[in-house]
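# Coordinates in review
What follows is each chain in one-letter form.
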Amino acid sequence: MAYKAGSTPALPTPSLSETKMDQMISAAPTPIDVDMNNFMAEVIEESREQPVIVQFWAPWCGPCKQLGPVLQKAVDSANATKTKVKMVRVNIDDNSQIAQQLRVQSVPTVYGFVDGQPVDGFAGAQPGSAVASFVEKLAAMGGTGPDVAAMLEEAEAALAVQDFDLAMVKFQEVMAAEPESVEALAGVVRCLIGTGELEGAREVVDQLNDDYRENAAMQPAIAALELAEKAAGASGDLTAARAAIEADENDLEARQKLALALFASGEHAEAMDQLLTSIKIDMNWNEAAARHQLLEFFSALGAANPDVSKARRKLSTMLFS
């Protein structure tokens, strides 16, 4: 049987139960059991974000037990791509009111919901190919979900111009769409660093497992945090370092301390200028310490940062002129 949007009777309208974030993101590995208390949240509201498949079943129904794994396999296959399809099930013995209102006359019966309405369905056991075709058709109605790549670009663009509040919002949106996104979590860490919330950033990093910590996207964020913590420890040297340089402009140790102190206070451009001056005076001092420190600044601020672009051009001129 096939159903079109708008052709079904009124659906049950119980009070909404609290919807957990992990259930709002993607299909669960096993079907969620739905009843009158959570039907609106798990099916109607959720289907506005992604297609939802509802399997009506009963414990005594042999064909239901056969269909369930086949249907779940088709859903898992769809979710192996960027498609997002959610699967839930309704026990008709315990939820006869839902079954009656949706005119379920036998089990197994399967409905597909999109945008709050049942848009397709079938009754009875089906071969695997037919089930897969049903799931693929339903998945196509819901599109492929949020454009995470575009969302990450927006977040990175905001971060590059140091709009940390906007960047944080964008990175959190990505995490809502893809909770396991290392890129988004690394962005959150960098936003916390940018707003001076080093303790919060450290708390996030310390909770990472090895896979996250060693990920190429997370490594620069961890390096940026370590640099920010190092710079914060040097922030008290600002006045003394300025005085030392005024007394001797060739005091490269003082310039190194001043650069860190300036970086800690957010004066990134001047911090890099101090290191560039040190390189100009003696690029090999202390095993090229100024150049190494400058490269750490570049990494922490990101290649798109305008101050980094200017400093990088100046450094290239010094090294290759």
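Residues numbered from 1 in each chain as written. Predicted model: local features only at pLDDT ≥ 70, side-chain atom pairs only at ≥ 80, totals over all residues. Heavy atoms only, no water.

## Things to note about the overall build of the chain
In terms of helices and strands, the chain carries 16 helices and five strands. When the accessible surface of the chain is summed, it comes to about 16,300 Å², and 50% of that surface belongs to carbon and sulfur atoms. (Helix = DSSP H or I, 4+ residues; strand = E, 2+ residues; numbered from the N terminus. Areas by Shrake-Rupley, 256 points an atom, 1.4 Å probe, with all protein chains shown as cover.)

## Digging into the confidence of the model for the chain
Put simply, the chain has an average pLDDT of 84, and 88% of its residues get 70 or more. When the criterion is pLDDT under 50, residues 1-28 qualifies, and its contacts beyond four places in sequence or with other chains add up to 66 contacts. (pLDDT = per-residue confidence, 0-100. Contact = heavy atoms within 4.5 Å.)

## Quick notes on the packing of aromatic side chains
Pairs of aromatic rings are described using the distance from one ring centre to the other and the angle between the two planes. With the rule as written, the count across this model stands at four aromatic pairs. Where phenylalanine 39 meets phenylalanine 113, the ring centres are 6.2 Å apart and the plane angle is 80°; that geometry is what we call edge-to-face. Note that phenylalanine 39 is positioned in helix H2 (residues 39-45) and phenylalanine 113 in strand S4 (residues 109-114), a separation of 74 residues in sequence. Of the two residues examined, phenylalanine 39 and phenylalanine 113, each falls in the buried class. For the ring pair phenylalanine 56 and tyrosine 111, a centre distance of 5.7 Å and an interplane angle of 75° mean the geometry is edge-to-face. In this pair, phenylalanine 56 sits in strand S2 (residues 52-57) while tyrosine 111 sits in strand S4, placing the two residues 55 residues apart along the sequence. The class of tyrosine 111 is buried, set by a relative accessible area of 2%. (Phe/Tyr/Trp six-rings, centres within 6.5 Å; stacked < 30°, edge-to-face > 60°. Buried < 20%, exposed > 50% of the residue type's maximum accessible area, 1.4 Å probe, protein only.)

## Here's the deal with the side chain of serine 278
Structurally, serine 278 can be placed in helix H14 (residues 268-282). Setting aside its immediate chain neighbours within four residues, serine 278 contacts Leu252, Arg255, Met283 and Ala290.

## A word on the nonpolar core
In terms of nonpolar packing, the biggest core is built from 56 residues, with Phe171, Ile193, Met218, Phe263, Met272, Leu294 and Phe297 touching the most fellow members. If near-sequence neighbours (up to four positions away) are discounted, phenylalanine 263 is found in contact with Leu227, Ala231, His268, Ala271, Phe297, Ala300 and Leu301. (Core = buried A, V, L, I, M, F, W, Y, C linked by side-chain atoms within 4.5 Å.)

## Re helix H7 (residues 164-177)
Between its terminal C-alpha atoms H7 stretches 20 Å, which fits the 20 Å expected from 14 residues at 1.5 Å a residue. Of the residues making up H7, those classed as buried are Phe164, Ala167, Met168, Lys170, Phe171, Val174 and Ala177. (Expected span 1.5 Å × (residues − 1).)

## Focus on the pattern of salt bridges
Considering all chains together, one arrives at eleven salt bridges under this definition. Between glutamate 154 and lysine 170 there is a salt bridge; the shortest N-O distance is 3.2 Å. One end of the pair, glutamate 154, is in helix H6 (residues 148-160); the other, lysine 170, is in helix H7, with 16 residues separating them in the sequence. Note that arginine 202 is salt-bridged to aspartate 206, the shortest N-O span being 3.1 Å. In this pair, arginine 202 and aspartate 206 both sit in helix H9 (residues 198-206), four residues apart, roughly one turn of the helix. According to the relative accessible area criterion, arginine 202 is partly exposed, its value standing at 21%. Judged by its relative accessible area of 48%, aspartate 206 is partly exposed. Taken together, the shared-partner salt bridges connect Glu154, Lys170 and Glu173 into one network. (Salt bridge = Lys/Arg side-chain N within 4 Å of Asp/Glu carboxyl O.)

## Topic: the pairing of S2
Within S2, six of the six residues are buried, which leaves it mostly tucked inside the rest of the structure. Along S2, one buried face is formed by Val52, Val54 and Phe56 and the opposite face, lined by Ile53, Gln55 and Trp57, is buried too. As defined by bridge partners, S2 adjoins strand S3 (residues 86-91) across six bridges and the pair is classed as parallel. When the sheet's bridge partners are listed, isoleucine 53 is paired in S3 with methionine 87. Sheet analysis places S2 next to S4, joined by five bridges and oriented antiparallel. Each residue of the ladder has a partner; that of glutamine 55, found in S4, is valine 110. (Pairing = 2+ DSSP bridges.)

## Observations concerning the state of the cysteines
Taken as a whole and assessed by the stated rule, the structure comprises one disulfide. Here cysteine 61 engages in a disulfide with cysteine 64; their sulfurs sit 2.4 Å apart. Where cysteine 61 bonds to cysteine 64 through sulfur, the torsion about that S-S bond is close to 85°, and the disulfide is right-handed. The exposure class assigned to cysteine 64 is buried, which follows from its relative accessible area of 3%. (Disulfide = S-S within 2.5 Å.)

## A word on the sheet that holds strand S5 (residues 117-123)
Strand order in this open sheet of five strands is S1-S3-S2-S4-S5, and the pairing throughout is mixed. The sheet is open, and its two borders are formed by strand S1 (32-33) and S5, each paired with just one other strand.

## Let's talk about the environment of tryptophan 60
Within the secondary structure, tryptophan 60 sits in the loop between S2 and helix H3 (62-79). In contact with tryptophan 60, not counting residues within four places along its chain, are Ile92, Asp93 and Val107.

## Describing the packing of helix H11 (residues 219-234) against helix H15 (residues 289-301)
Angle between the axes and distance between the axes: these two values describe a pair of packed helices. Here H11 crosses H15 at 120°, and the two axes come no closer than 9 Å. Judged by the angle between their axes, H11 and H15 are oblique. You can see that H11 and H15 cross each other, and the crossing is left-handed. Where H11 abuts H15, its residues Pro220, Ala224, Leu227 and Lys230 lie against Gln293, Glu296, Phe297, Ser299 and Ala300. When its residues are assigned to classes, the contact of H11 with H15 shows five nonpolar, two polar and two charged. (Axes fitted to C-alpha atoms, helices over the stretch in contact; angles between N-to-C directions. Parallel < 35°, antiparallel > 145°, perpendicular 65-115°, else oblique. Left-handed = near helix turned anticlockwise from the far one by under 90°. Nonpolar A, V, L, I, M, F, W, Y, C, P; charged D, E, K, R; others polar.)

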